[in-house]
Amino acid sequence: MEPEPLMTLEEPERASAEERVLTLYREHGRRLYGYALGLLGNRADAEDVVQDAFLRLGQHLAKKGDEANLRGWLYRVATNLCRDRQRGRMRHAGAAPDSAGPTPTALSAIAIERVLTRLKPRDRELVLLRGEGLSYAEIAVSTATNPSSIGTLLARALRQFAEEYAREFGKE
Amino acid sequence: MTCPTDDVLLAQLEGAHGDVTPLSQHLAGCAPCQKRLAGLLSGLNSARIAADTLADATPNSLEALIRFRFRTSGATTLAAHRPRPVAVWLARHRAAVYGAAAVAAAVVVAFLVGGPTPQVSAAQVLDRSEAALLAPAATSGIERLAYAIHYEGPSFGGLPAGTGDYLIEALCDHDRPGRFKLALTGPDGALVRGLVQEGRERRLVMTTPKGAFDLRFHLDGELPSEDLMASRRQQAAKTIFDTLVRAAEPERLGHIERPDAHIIELGPPVAGSPDAIQGLVEVEHARLVLEHDTYRPRAIEVEGRLMGETFKLEVRATANEILPGGAVEDEKWTLPEVSGAVVLEGKGTRHPLADAAELIADAARASRVAPCK
């Protein structure tokens, strides 16, 4: 679903929302992109998700939405957008290999993407969100998971990730 | 104390509050728990490394893209639908083997003359065309696509020989999953790049300024579920619609309806617009010709500047057909040997180009070959 048009806003509101969104992008954008890339394994899709997430953030701010935890809000929106894309891929089997190819400098990121693809989607989300430094409470909100289950689920996901990571990079 | 559960160990690692003395005492004398704790610590550290590494892959252009979308969102259907500056996209994809092939899914050079005022917007036409391009062409038989490319401009990764005429042929056997071929032939008639797969065996041949590579991959596990032809088609759609057209501000787009075609024209860039930013590629003019009734792309022309030099690209489809199974001889599914090519072997995944880059980089690290730019 496309974000709602921002052109319905008055110009001062729009400019203000834009400035805030860009400030928040500078604060969280790179991490959010890494998160989306880790979940989707596709750079173009990750870019689209980040763009959509920040456009929605603009709407959220313009509507005077809750600003208590905008980082958590962003990750929740990004998680949902990524899930939508993953479901779309499953429906359309031909979608989304990252066929543009990497630069050699991006190879370590590719290797990590490969490790992540061996995890279940929810485990991938948990590992990356913890890697981003989100609290258990934020992870619970971002993934719509019962907060009391996060510790157990995260521990299992981290153990699995550690094994796959070691297998990929040849570490003990 | 009995052995703690993983979540308790993890809480310990994360600096849980409260009295942890019993747990510490237990850990000091329990080797299995120490091992579990080490595993969790390793997972946490790896997760942080992974997050940092992936974040480092963020393109610098993303902020500009968000600003651009913010300012255009909702202005028109077109602008609200993922505009992406040409320079940014092409900079990211310029080394893609099939960049030109992707553009080529459009096709046949046409001409722009006057016509009646269109009843639908450029955005609506493009939406219909994108849907047509993404739709599966066949579920059985052999799909064959061929494109002729005329290019004038500097050499780059996609068209390494520079100015000249190139040919692309794509074959996909819908009756034999995992069997396909893509080949790009240069102005001298020699293979520039090619990709063939037969079951689990995949071969990628590429010539670069550093030399030729003949890369052979064996695919473990399940065969990729993606249909390569569908993937190409989708890449073409992204190229045409996200890059060449949707990149533009709405005021740069023109739509003319003729009895046989819809013609979408991308006019000169507006000063200060994102795709007018100094970059590797600046598109000054592009024209997309679509079949009138089916909205399938027929032709594309692009002119502009690439790495500071003028370039012109024309792509025409010369074949788009479904052949009966077995109509293409076995030798047509292979690639010729390339004299002097460095032959490397590795495991393949569903990302042929990523596999190739990694294999070459590994070999470069082992000082066997020069790294491929």
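Residues numbered from 1 in each chain as written. Chains lettered and ligands numbered in written order. Predicted model: local features only at pLDDT ≥ 70, side-chain atom pairs only at ≥ 80, totals over all residues.

> So, unusual backbone geometry: which residues are in play, and what are the values?
All names here are of chain A. With a phi angle near 55°, alanine 144 is a residue other than glycine that sits in the positive phi range. Locating alanine 144 in the fold gives a position in the loop between helix 6 (136–143) and helix 7 (150–169). For alanine 144, a count of 10 C-beta atoms within 10 Å corresponds to the exposed category. (Helix = DSSP H or I, 4+ residues; strand = E, 2+ residues; numbered from the N terminus. Buried ≥ 20, exposed ≤ 12 C-beta atoms within 10 Å, placed from the backbone.)

> Quick one: what's the story with the environment of Leu313(B), residue by residue and with numbers?
With respect to the helices and strands, the residue Leu313(B) is situated in strand 11 (residues 309–323). Between the alpha carbons of Leu313(B) and Thr163(B) there is a distance of 9.6 Å; along the sequence they are 150 residues apart.

> Pulling in residues and values, what's your account of the packing of helix 5 (residues 121–131) of chain A against helix 7 of chain A?
Residue and element names in this part refer to chain A. Following both chains from N to C, one finds helix 5 and helix 7 inclined at 90°, their axes separated by 9 Å at the closest point. By the angle between their axes, helix 5 is roughly perpendicular relative to helix 7. Along the contact surface, helix 5 presents Asp123, Leu126, Val127 and Arg130, while helix 7 presents Leu153, Leu154, Ala157, Leu158, Gln160 and Phe161. Of the residues in the contact of helix 5 with helix 7, the class split is seven nonpolar, one polar and two charged. (Axes fitted to C-alpha atoms, helices over the stretch in contact; angles between N-to-C directions. Parallel < 35°, antiparallel > 145°, perpendicular 65-115°, else oblique. Contact = placed C-beta atoms within 7 Å. Nonpolar A, V, L, I, M, F, W, Y, C, P; charged D, E, K, R; others polar.)

> If you had to explain the nonpolar core to someone new, which residues and values would you point to?
The biggest cluster of nonpolar side chains holds 107 residues, and the ones touching the most others in it are Ala36(A), Val50(A), Ala53(A), Ala78(A) and Leu158(A). Residue contributions to this core peak at 10 residues, all from helix 1 (residues 11–40) of chain A. A domain-level breakdown of this core finds at least three residues from each of domain 1 (6–56) and domain 2 (74–365) of chain B. Those residues in contact with Ala78(A) that sit more than four places away from it in its chain are Leu32(A), Tyr35(A), Ala36(A), Val49(A) and Ala53(A). (Core = buried A, V, L, I, M, F, W, Y, C linked by C-beta atoms within 7 Å. Domains from an automatic or database assignment.)

> Which residues make up the confidence of the model for chain A, and what values go with them?
Residue and element names in this part refer to chain A. When the pLDDT values of chain A are averaged, the result is 79; 78% of them are 70 or greater. No element of chain A has a lower mean pLDDT than helix 4 (residues 107–117), which averages 79, and none a higher one than helix 5, which averages 92. Low confidence marks residues 1–9, where pLDDT is under 50. Its contacts with residues over four positions away, or in another chain, come to 24 contacts. Contacts of residues 93–106 to residues separated by more than four positions or lying in other chains number 43 contacts, the stretch itself having pLDDT below 50. (pLDDT = per-residue confidence, 0-100.)

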